[in-house]
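Now for the letters of each chain:
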Amino acid sequence: MKRKGGSELVGKPQKHAVRQDPVSCDSCRRRKLKCNRQQPCSSCVTRRLPCSYGIAPSSVLGIQRVGPEERGRNETTLFGQNDTIEVQESRPITESQPLRRNRESMMTADWLENIHMGDRVPTATPKMLRDELNDLRNNDGLVSLGTLLSSPCRNWTASRENPATVDLSSYLPQKHEAMALFRYYTNCIDYLYHIIFPKRVEAQIDSIYRAIERGLPPDLNHVALFFSIAASSLFLQLSMESSVHAEVCSREFSFLTGAALIQSNYPVNSTTEGLQAAIIVMHHASNMSCHPSVSGLFAHGAIISQAKNLKLHCIDSPRCREGREANAIDMMDLETKRRLWWDIASYDWFLGFLSGPQEWTYLINPEHMKVDLPLNLDDEIIEGYGGSSRPSSTPTDMSFSLERLKLGIVCRDVIDATSYAHLHGLDVTYKKILDLDRKFHQALAEIPEFFRLDPTSRRRFASLYRSRPTIAWQRCLLQQAYFSRLCRLHRQFFIRGAREPEYSYSHIVCLQSARKVLEIKRVMDEDEPRFTPPSSVVWSVMNHVFMAAVILLLDVCFNWDDILAEKRKEEVLDACRMLSNAQLSSSLVKEGINAMMSVLQKHWKHGKPATSPSQLNHNSYPNQNTTHIDKAMPPIFSTSEANYTPATTIELDAPTRLSDNIDGTNDRQLEDIWSEMLDNSSNLVLEDTDWTGLLTELTNATLPCG
């Protein structure tokens, strides 16, 4: 039975007048939601919306006009052109055929963990934020978009040439621009993967321009390293302004990096600087759009091969030690090689614990290497240093890299313990999961106190965070990385733990870890010192936030009748608001969120609608935290005046189904889409494989992130 009232008014606004005051509030009628008729109603309270029972002219016409304040938020600017968007009310919901089960949905979650962000949509950065970013650039001497477009590479023609013959010097920016890009890299990017000594690299960049001034050819390995730094700096800078320009800059400078490596004969005669350049492009630039003539240089396997050509895997073997004793030791060069090798190794082990072709395997065997850990020292005292490493309790430039390496080793342990079962189609025993869980918690308990987020540690090291803000940022990134991977370890038992006491620990750990990820994001946004650039433009951060939000969403779906259901819905919507705010900070993050939303909405479309109350009661939504109601669940009604539609007929394959907007998430507010999913969560029956499949596809939808 179809609803009367709101939907008919949309179709025939001039023929029918409203004969009585509406039963549902304006917001619930517009969204086709159930209204409890309170003032304010529970739906509006949950969504923090004004609750009104009057009929506005815009509601009768079926169009919601955007007010001045909302218009300012919804303006999308691309190269100076503004478009104001009007939000049109959704079409009436009709009945549809039951949806088939999606038995292969396990791939969905893994897509979402690795979404690649291309040049699909323009920036949505508000003018106020863009002005603030421009001020920041001006204060720091950074290269602005206008400066970049006036540089010699403004025509973006490098990748059309032969990488072996392209004139590299003609694409070098002015020296002050090059140094500005280098400073941006050291201030905003280098702390993530600290594989360079900034003073040495600055001298190498300076040597490029001194050689050109003298009419001499510059060292091509140094040129490659600079181009890689430019590619990563511009990719991050411009992603806050235009995804198109960010992709183009990344593609061109990555190509120039590869061309410099080819012209230096790097594939045959590897160098430390060349390896640094390749790793920087792999970590920070958008190499998915890199020109095929050079993209092979930045592949993970190729980088491992080049590192072995440099014999980095055995630099601390007895033979190599004997060779160093006979000659003067360049400690900075030795430490650079150690940093490079362990960065490559840890990244390899992280990849093995992510979905994709490399899942449950890795390329670097710890038994086939002899490399000491990098010294826990600040960069400035490495040269000429002959002493021992500082204890881990001493904060240094290498503290984060060393702690990140420990997490990589735990991920390697997970692969070793579970790969046989996964690759042979066997179930991983729960005892193994619990053993690995203990390893995660032990490693987490051993991290230095200045990397912890408890109130005592935050107060104790407040002065350290002010003097060394990168450590304050690194503690958040490290903690978020731990909890997101701990959640991944347990997620195959997440739903089973909601109804089987034997696995209840996994259910609890997944929820706790997801909430920790969101709490850490709030710390990044609210605590001092603030992230620079903001954490919302760092894709790995927002990727973890999205996955945490999905975990909480699934819990609401499986425990929709919990006494705290409304509170949990609000928790999910709070996470959704984080994602909405991030969409305004970076065009590339916006694209990543939209790509993950596409996977989520597509999967939601294939959910099997509940066909009977008994099926809902006994198969799908057990709640371990509250007393179960064994009697048949009464029908849930969506009311409008005297008529109702049973909730089981509001299927997601109707004209207004969520999947209608798979490729057009921007056309609707993100919060509205998530609200609709929450309100229909009790209408779906999905089995364990469907939900774990969602998480798998979400991982596969993006590139690996550290």
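Owing to the predicted nature of the structure, the values given are computational and were not obtained by experimental measurement.

1. A word on the packing of helix H11 (residues 220–239) against helix H13 (residues 272–284)
And step 1. As a packed pair, H11 and H13 sit with axes 8 Å apart at the nearest point and diverge in direction by 15°. Here H11 is positioned roughly parallel relative to H13, judged by the angle of their axes. Note that H11 runs across H13; the crossing there is left-handed. Contacts between H11 and H13 pair Asn-221, His-222, Ala-224, Leu-225, Ser-228, Ile-229, Ser-232 and Phe-235 from the former with Glu-273, Gly-274, Gln-276, Ala-277, Ile-280, Val-281 and His-284 from the latter.

2. Considering helix H19 (residues 430–445)
And step 1. Taking 1.5 Å as the rise per residue, H19 with 16 residues should run 22 Å; its terminal C-alpha atoms sit 22 Å apart, in good agreement.
And step 2. For H19, the complete set of buried residues consists of Tyr-430, Ile-433, Leu-436, Asp-437, Phe-440, Ala-443 and Leu-444. Angular distribution of buried residues about the axis of H19 spans 135°; they occupy a single face of the element. Turned more than 90 degrees away from the buried face of H19, the exposed residues are Lys-431 and Ala-445.
And step 3. Buried residues along H19 sit against helix H18 (399–423), helix H22 (469–490) and helix H24 (504–526).

3. Regarding the pattern of salt bridges
And step 1. Counted according to the given criterion, the structure contains 31 salt bridges.
And step 2. When the shortest N-O distance is used, the salt bridge between Glu-252 and Arg-251 registers 3.2 Å.
And step 3. Taking relative accessible area as the criterion, Arg-251 reaches 26% and is therefore assigned partly exposed.
And step 4. For Arg-338, the salt bridge goes to Asp-316, with nearest N and O atoms at 2.8 Å.

4. Focus on unusual backbone geometry
And step 1. The omega torsion across Glu-528 and Pro-529 is -5°, close enough to zero to call that bond cis.
And step 2. With respect to the helices, strands and loops of the structure, Pro-529 is situated in the loop between H24 and helix H25 (539–558).
And step 3. Its identity as a non-glycine residue notwithstanding, Lys-311 has a phi of 60°, on the positive side.
And step 4. Inspection of the secondary structure assignment puts Lys-311 in the loop between helix H15 (300–309) and helix H16 (318–325).
And step 5. With a phi angle near 65°, Trp-360 is a residue other than glycine that sits in the positive phi range.
And step 6. Looking at where Trp-360 falls in the secondary structure, it is placed in the loop between helix H17 (331–352) and H18.

5. What to know about the packing of aromatic side chains
And step 1. In the structure shown here, the tally under the stated rule is 13 aromatic pairs.
And step 2. Considering the side-chain rings of Trp-349 and Tyr-362, the 6.5 Å spacing of their centres and the 75° angle between planes classify their relative orientation as edge-to-face. Taken together, the residues span a long stretch of sequence, with Trp-349 in helix H17 and Tyr-362 in the loop between H17 and H18 at a distance of 13 residues.
And step 3. Assessed through its relative accessible area of 0%, Trp-349 is described here as buried.
And step 4. Centre to centre, the rings of Phe-450 and Phe-461 are 6.2 Å apart; their planes meet at 75°, and the pair counts as edge-to-face. Separated by eleven residues along the polypeptide, Phe-450 in the loop between H19 and helix H20 (455–460) and Phe-461 in the loop between H20 and helix H21 (462–467) bring together distant segments of the chain. As far as the burial class goes, Phe-450 and Phe-461 line up, both buried.
And step 5. Every member of this aromatic cluster is reached through a ring pair, and the members are Tyr-191, Trp-473 and Phe-531.
And step 6. Cation over ring: Arg-488 sits above Phe-353, and NZ or CZ is 5.3 Å from the ring centre.

6. Some points on the packing of H22 against H25
And step 1. Across the interface, H22 lies against H25 with an axial gap of 11 Å and an inter-helix angle of 40°. Here H22 lies oblique to H25, going by the angle between them. Read as a crossing pair, H22 and H25 show a hand that is left-handed. Side by side, H22 and H25 meet where Leu-477, Gln-480, Ser-484, Arg-485 and Cys-487 of the first sit next to Ser-540, Val-541, His-544, Val-545 and Ile-551 of the second.
And step 2. In terms of residue class, the contact of H22 with H25 is made up of five nonpolar, four polar and one charged.

7. Focus on the side chain of Ser-675
And step 1. Take Ser-675: it is sitting in helix H29 (residues 670–679).
And step 2. Discounting chain neighbours no more than four positions away, the residues touching Ser-675 are Arg-47 and Leu-573.

8. Quick notes on the environment of Gln-276
And step 1. Inspection of the secondary structure assignment puts Gln-276 in helix H13.
And step 2. Overall, the relative accessible area of 4% leaves Gln-276 in the buried class.
And step 3. The sequence separation of Gln-276 and Ile-303 amounts to 27 residues, and the corresponding C-alpha distance is 9.6 Å.

Cut-off values and rules
- Residues numbered from 1 in each chain as written.
- Predicted model: local features only at pLDDT ≥ 70, side-chain atom pairs only at ≥ 80, totals over all residues.
- Heavy atoms only, no water.
- Axes fitted to C-alpha atoms, helices over the stretch in contact; angles between N-to-C directions.
- Helix = DSSP H or I, 4+ residues; strand = E, 2+ residues; numbered from the N terminus.
- Parallel < 35°, antiparallel > 145°, perpendicular 65-115°, else oblique.
- Left-handed = near helix turned anticlockwise from the far one by under 90°.
- Contact = heavy atoms within 4.5 Å.
- Expected span 1.5 Å × (residues − 1).
- Buried < 20%, exposed > 50% of the residue type's maximum accessible area, 1.4 Å probe, protein only.
- Arc of directions from axis to C-beta.
- Salt bridge = Lys/Arg side-chain N within 4 Å of Asp/Glu carboxyl O.
- Phe/Tyr/Trp six-rings, centres within 6.5 Å; stacked < 30°, edge-to-face > 60°.
- Lys NZ or Arg CZ within 6 Å of the ring centre and 35° of its normal.
- Nonpolar A, V, L, I, M, F, W, Y, C, P; charged D, E, K, R; others polar.

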